[in-house]
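Observations on the three-dimensional arrangement
Listed here are the chains, written in short residue letters.
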Amino acid sequence: MKSETLPDNVKLISSVKDGERKAFDILFKNYSQRIYRFAFSYLKSKEDAEEIVQEVFIKLWDRRESLRIDLQISSFLFTIAYNSILNQIRKTKNGIKAIAAKKSEQPIHHLHVEEELVFAEYQHHAQVAISSLPPQRKKIFMLSREQHLSYSEIARELKISPRTVEVHISQALKDIKKHLIRVGISLSILLPAVLF
């Protein structure tokens with residue numbers, strides 16, 4: 001695989017799933033700086049932002065075998081980053097002050113601001129869509145996306161078959177995508193997201 005060219009999403013994810021380090025390096029090269037800027041804008045610490053980047057890519061590598069081929073990798077990475085940032089802020093004594101300061105600041109980097117606005121809008125509409133899922137489907141979906149449990153782990157916890165879990169998650173994704181399209185969010189331009 002040539003590192004200069006970015007393969008199509010399916011090929012890249014497939015390579016990462018197979019444990020190919022070159023594919024992983026391509027992802028790191030293409031997303032690490034964007035994730036760093038995103039984390040730094042909230043945490044205001046070079047060390048903390050670098051730690052978030054490391055955590056994101058460690059989690060990606062650790063979970064590589066369970067990645068779906070149709071995964072929107074930018075969404076997956078920014079979701080992990082966002083959740084890690086929130087966890088870091090909660091641990092910080094001045095977390096509330098940091099959030100308040102973030103809201104009052106003028107944006108510095110135009111591209112980053114655009115990504116953050118897309119992220120905020122997406123988060124809002126995605127949460128609305130998730131809230132409207134049937135209870136069992138919502139529970140299964142959240143176990144998968146928030147707790148990052150595998151299909152078999154969810155199946156064991158809920159005493160259902162892995163196939164049932166797969167069907168519920170597949171339908172949840174379809175329902176959520178339909179909702180996002182209905183409210184005018186273009187899935188093709190999303191950078192950070194929670195679902196895909």
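The structure reproduced in this document is the subject of the present report. (Residues numbered from 1 in each chain as written. Predicted model: local features only at pLDDT ≥ 70, side-chain atom pairs only at ≥ 80, totals over all residues. Heavy atoms only, no water.)

1. Thoughts on the environment of serine 144
Here serine 144 lies in helix H7 (residues 135-145). Taking C-alpha positions, serine 144 is 9.3 Å from valine 165, a pair spaced 21 residues apart along the chain. Non-local contacts of serine 144, meaning those with residues more than four positions away in its chain, are made with Leu149, Ile154 and Ile169. (Helix = DSSP H or I, 4+ residues; strand = E, 2+ residues; numbered from the N terminus. Contact = heavy atoms within 4.5 Å.)

2. Remarks on the packing of aromatic side chains
Within the structure shown, the criterion is met by 6 aromatic pairs. Here phenylalanine 28 and phenylalanine 57 contribute two aromatic rings whose centre-to-centre distance is 4.9 Å and whose plane-to-plane angle is 65 degrees, an arrangement assigned as edge-to-face. With a gap of 29 residues between them, phenylalanine 28 in helix H2 (residues 21-43) and phenylalanine 57 in helix H3 (residues 46-62) connect regions that are remote in the sequence. Assessed through its relative accessible area of 37%, phenylalanine 28 is described here as partly exposed. Overall, phenylalanine 57 belongs to the buried group, its relative accessible area being 4%. Geometrically, the ring pair formed by phenylalanine 38 and tyrosine 42 is edge-to-face, given 5.7 Å between the ring centres and 75 degrees between the ring planes. Here phenylalanine 38 and its partner tyrosine 42 are both found in helix H2, 4 residues apart, which amounts to about one turn of the helix. The same class applies to phenylalanine 38 as to tyrosine 42, namely buried. Here the aromatic residues Phe24, Phe28, Phe57 and Trp61 are joined through ring pairs into a cluster of three or more. Note that arginine 21 overlies the ring of tryptophan 61, its terminal NZ or CZ placed 4.8 Å from the centroid. In this structure, arginine 64 packs its charged tip against the face of tryptophan 61, placed 4.0 Å from the ring centre. (Phe/Tyr/Trp six-rings, centres within 6.5 Å; stacked < 30°, edge-to-face > 60°. Buried < 20%, exposed > 50% of the residue type's maximum accessible area, 1.4 Å probe, protein only. Lys NZ or Arg CZ within 6 Å of the ring centre and 35° of its normal.)

3. Some remarks on unusual backbone geometry
The phi dihedral of lysine 44 is positive, around 55 degrees, even though this residue is not glycine. Checked against the element boundaries, lysine 44 lands in the loop between H2 and H3. In this structure, lysine 159 is a non-glycine residue whose phi angle is positive, near 60 degrees. Residue position: lysine 159 is located in the loop between helix H8 (151-158) and helix H9 (162-182).

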